[in-house]
Each structure stands twice: as C-alpha cells, then as structure tokens.
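# Fold and contact review
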Amino acid sequence: MRSFTSKTKFDHNNPTDDSIINECRTLQKEEYEVLESIYPECVSGQATDGTLKLEIPIEFESPIDVVITSVDDASEGSALRGSLAILPPLLLHVSLPSKYPLECPPQLLSLRATHMWLPKIWLLYDMLMNMWQSGEGVLYSWIECLRTGEFLRNLSLVSEDNLSVRLLHNAPQVMLPLLTEYEQSSRSNQFAQNSYPCSICLTSLKGSKCLELSCNHIFCRSCLKDFWGLCIEEGDVGKVGCPAPECVKESREAIEEEVARVMGETEVTRWRWLKEKRSLEKDPTIIHSPVPRPTDVDEESGWARLRTCIKCGFSFCSFCCRTWHGPISACPIAHSEKVVLEYLATNEGSAERRLLEQLYGQTNILRLVARYEEEMASRKWLKSSTTSCPGCECHVEKNLGCNHMTCWKCGKHFCYRCGAKLNAKNPYEHFSLPGGCFNKLFDFQSDEGDQWQPVEGFNII
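Below, the structure is looked at part by part.

Let us now look at the overall build of the chain. Helix and strand counts for the chain come out as 12 helices and 16 strands. For the chain, the residues scored as buried account for 35% of the 461 residues in total. Of all intrachain contacts in the chain linking residues separated by at least 6 positions in sequence, the fraction that spans at least 24 positions is 50%. As presented, the chain carries roughly 29,100 Å² of accessible surface, and 52% of it is formed by carbon and sulfur atoms.

Okay, structure coming up:
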C-alpha cells in the first residue's frame, strides 16, 4: 500500500478550557454517530479514544475510462485502459484533538491507497487538511469527497472532457488487473449481502442464492437450475436463457459462464454439445463434419462438394455422403437402395431374385426391403400430414389451432397451409391479404356425424 504519515502531532497535555473540551467531545460524538449511521461500512474504531479508522471505496455514478500509463513511458500508445465504476478504498487513520472541531483540525496519522493505485498521495493529504474550517466538522466532507471521486478532479487526474481518469504507475500491466479484480469482488460482495425477489418462485432471497444474468435480471439459482435442467434434458437448448418475458421475446440465450454457475458438469457438457449440434444443423454446408465449405473454389466445380473431417481425416462428398469419388464422377445412388430397387424390380420366385438372395443373403435382403418401405411410407406421411419449416426444413404436424406457426428449432414464422414465410413483426398480415390463405387463420371442418338425426318411432305431437 502507498501511504503518507503525518508528522504533525497534537499535544494533549497543553492546558485547555474545560467547557470547550466538553463541547468538542459532544460534537465529536454526534459527528461519529452521524457517520456511523450514513456510512457504517466506512467507519471503524471508537471516537471515545480520540482516533478513527476510515476505509472509503471510490464509487462513480457510472463506469468511467481509467487510463494507466507507465512512469517511464507516458506516451498514449503504451497506456492501458479499462472501464471501471469502483476503485480500491483509501485508508485513513484520523486523530481527533480535544479541541476539534471548534479550534483544531483533525490530524491524519496515515493515508494509504489500497494496491498503491493513487499517485502523489501527499497532494491529497494537503487537500484534505485545507478543507477544514474552524468550528465545523469535516469528516463527512472528507468521506463524501473521497467516495464520489471528486478529489480526482482536484488532483488534476481527470481529463478535460471528464470522460477518463489518468493514473501513473510503475507497472500498468499489473495494476489494471488488480483494479478490475477488486471491482468484480466488490460487486460480488454487495450482491451477496442484499436480498432480491425471484419472479419465478415469488420469494425474496439473499444474493448468494441468486444469479444476476448479463441482462441484469435476477433469479434464484434453484429456479434456474430446474428450468434450465429441464430444457437441457429435453434438448431445447434455445430456451436455456433468461426467463423474463422481454428476454424470451428477444430469444436471449445464456452464456457459458452463466450456465456453469448454475448447472453441473454433466449438464454443461450436454449443453455445449446441443449448441454445437444446433449450429451444425443450421449450416447447410456442413455434413457430419465441422469443416465449412471451401471458399477458394468455383461454385460450379465438382471440388465444391469435397469435405474432409478434421477429426479423422475422412474425405467424402457432401451430396451423397459417400467416400470422395472425384470432382467429375456423378454421385452414385446409395448401394443399399440400389440393391433394394433391383430386388423389387424382379418377380417373386424368379431366378434373378434368388440370385440376389444368394448373393446378399435372404435375411439381409428382406431387412433392407422393410427399411426401404418404411422410409417410403414415412416420406409419404410427412408429405401429406405435415408442413416443413421454410427456414430449417423441420416438419411440423398440426391438428388444432391457428395456421400461424413458429418453428421450435429455428424460430421462423410460417403459414401451415401454404408453407410461406411470415413477417415476424406482423405474421397475421398474411391471412388478411387476397390469396389462398385469405381469412384462413383457422380451418373449420364440419363433422356430419355430429349433426342431429331424427329417431324413428318418435312422433312430435
């Protein structure tokens, strides 16, 4: 710590007027009680023994640019910058003479700056001593001047535009991380000591049991763990974010640091995998490999289909997903599908069919045929019963509700009837314009079986 120790000592042995001393003691006690009520975190020690210890952090109204330059090289290029709202505290050891505040000023026995961040601290000593006026207490003015950072302007450490604080230090590369670390630690301590309401469970908890997200919304860790854990388990990684309504509308997702502070290592690992999987699925140029498509080849060239896995070195075609067959050769049909088509093209019991069964095995052939027929039936059902998202081609099935769809995977707005993309800001405009979907936000189908039918044998009289 950088310190300044006063060489001036007050002589308590000099004869004094008892009435002045008694009045000064009363004023000192009142001043101490005021300081303790307003700044309890800054005051330590008792006024009865004539000394006080003050620990005063500097807190700006908003973050300010702190520029630290080296003593040996004060050029602008060598300076380090950081945006800070809190600076480490100044430590004052104050002695209160028996005639303070009526006739004598307080004495600064020592003045220190934590982490030695304040240059020329003796100038601050002179400034504080000059603030005292006979008959008035000055400790409150000291604390307020130091706490708000006003003294930095008086010491000419603030730039002319009042946008930055300029400090000199022997090792700026060491000092800036210390200042940043102190601010983070101070904010964490303040957050842990206060209580905050959780808008999910509607309870008020200490900050140590809550988490403040980067959007400044605060929730208890227990609610976030339950909510995020369910989303990660179900694979809905897009909902692992702030549960506040305004952030949900903006699809704000949590960053890795936030997830790691709430979830366990297993959930964090799965969250990372889901994020990577989603990014791969959104990129049409990536086929089972995180390598993007080549950028230095002709779009019409066959080389544009070449992909190479960075993990195993396997080279393959991005169209047919088979081993790389060169830029000229066309993509062949999958071998299994080719065998199935040949088998189905032959007549039952024919020599060609028996030959294929002997070549590949009857069990294998029947298994491939069953898989092929299942795949064809699935494609037929998807085409007739679902609508694909125009953004990610994810199929959506609907049996009730309106025709305005929002894809759960990519968030694209589209019409279920025609598959057209909708304007996210006004998706219902599509159903108000002339066309096939005009006035078709809801599809109503009358059920003839529910209509009333007369019952035989009953006559209305």
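It is worth spelling out the packing of helix α11 (residues 351-360) against helix α12 (residues 362-385) at this point. Packed helices, taken two at a time, are described by their axes: the angle between them and the distance between them. It is at 6 Å that the axes of α11 and α12 come closest, and there the two elements cross at 105°. As far as their axial angle goes, α12 and α11 are roughly perpendicular. Across from L356, E357 and Y360 in α11, the residues of α12 making contact are Q362, N364 and I365.

Another aspect to go through is unusual backbone geometry. For the peptide bond that leads from Y100 to P101, omega is 10°, which places it in the cis range. Relative to the helices and strands, P101 is located in the loop between β4 (80-95) and β5 (107-113). Within the chain, K120 stands out as a residue other than glycine whose phi angle is a positive 50°. Among the structural elements, K120 can be located in the loop between β5 and α2 (121-130).

Moving on, we come to α11. R353, L356 and E357 are the residues of α11 that are buried. An end-on view of α11 places all buried positions within 100° of arc, on one side of the element. Of the residues in α11, the exposed ones pointing more than 90 degrees away from the buried face are L355, Q358 and L359. Just downstream of α11 lies G361, where phi reads positive at about 95°.

The next point concerns the pattern of salt bridges. Taken as a whole, this structure holds 11 salt bridges when the rule is applied. Between D236 and K239 there is a salt bridge whose closest N-O contact spans 3.6 Å. The class for D236 is buried, based on a relative accessible area of 19%. Via salt bridges that share partners, E253, K275 and R278 belong to a single interconnected network.

Another aspect to go through is a nonpolar patch on the surface. A contiguous nonpolar surface patch, about 260 Å² in accessible area, is contributed by V34, I38 and Y140. On the secondary structure map, Y140 appears in helix α3 (residues 139-147).

Another aspect to go through is α3. All of the buried residues along α3 are L139, W142, I143, C145 and L146. Viewed end-on, α3 has its buried residues packed into an arc of 165°, placing them on one side of the element. Following α3 by one or two positions, G149 has its phi on the positive side, about 80°.

Before going further, it helps to spend a moment on the nonpolar core. Ranked by internal contacts, the top residues of the largest apolar core, which has 48 residues, are L90, L92, W117, L118, L124, F151 and L152. Ranked by residue count, the leading element in this core is strand β3 (residues 51-70), at eight residues. Residues within four places of L152 in sequence aside, it is in contact with F60, L87, W117, L118, L157, V158 and V165. Counting residues in each nonpolar core, the second largest holds 26 residues, with C210, L211, C247 and L274 among its members.

Along the chain, the position of T387 falls in strand β13 (residues 387-388). There is a polar contact of 2.8 Å between the side chain of T387 and the backbone oxygen of Y416. Apart from the residues within four sequence positions on either side, T387 is in contact with C394, H395, V396, F414, C415, Y416 and G419.

The next subject is the packing of aromatic side chains. Summed over the entire model, instances satisfying the criterion amount to three aromatic pairs. When the ring of F314 is compared with that of F316, the centres are 5.7 Å apart and the planes differ by 15°; the resulting orientation is stacked. The aromatic ring of Y343 is capped on one face by R353, whose charged end is 4.3 Å from the ring centroid.

Examined bridge by bridge, strand β2 (residues 43-44) and β3 share two bridges and lie antiparallel to one another. Bridged to S44 within β3 is K53. Taken together, the 13 bridges between β3 and β4 define a ladder with antiparallel strand orientation. Paired with T51 across the strands is S95, a residue of β4. One ladder, built from six bridges, connects β3 with strand β6 (residues 164-169); its direction is parallel. Across the sheet, residue V67 finds its bridge partner in β6, namely R166.

Topologically, Q28 is positioned in helix α1 (residues 18-38). In contact with Q28, not counting residues within four places along its chain, are L96, P97, S98 and Y100. A polar contact is formed between the side chain of Q28 and the backbone oxygen of P97, at a distance of 2.8 Å. Within the structure, Q28 has its side chain in polar contact with the backbone oxygen of Y100 (distance 2.8 Å).

Definitions and limits used
- Residues numbered from 1 in each chain as written.
- Predicted model: local features only at pLDDT ≥ 70, side-chain atom pairs only at ≥ 80, totals over all residues.
- Heavy atoms only, no water.
- Helix = DSSP H or I, 4+ residues; strand = E, 2+ residues; numbered from the N terminus.
- Buried < 20%, exposed > 50% of the residue type's maximum accessible area, 1.4 Å probe, protein only.
- Contact = heavy atoms within 4.5 Å.
- Areas by Shrake-Rupley, 256 points an atom, 1.4 Å probe, with all protein chains shown as cover.
- Axes fitted to C-alpha atoms, helices over the stretch in contact; angles between N-to-C directions.
- Parallel < 35°, antiparallel > 145°, perpendicular 65-115°, else oblique.
- Arc of directions from axis to C-beta.
- Salt bridge = Lys/Arg side-chain N within 4 Å of Asp/Glu carboxyl O.
- Patch = residues over 30% accessible without salt bridge, like charges linked within 9 Å, V, L, I, M, F, W, Y side chains within 5 Å.
- Core = buried A, V, L, I, M, F, W, Y, C linked by side-chain atoms within 4.5 Å.
- Polar contact = N/O pair within 3.5 Å; in protein donor to acceptor, adjacent residues only side chain to side chain.
- Phe/Tyr/Trp six-rings, centres within 6.5 Å; stacked < 30°, edge-to-face > 60°.
- Lys NZ or Arg CZ within 6 Å of the ring centre and 35° of its normal.
- Pairing = 2+ DSSP bridges.

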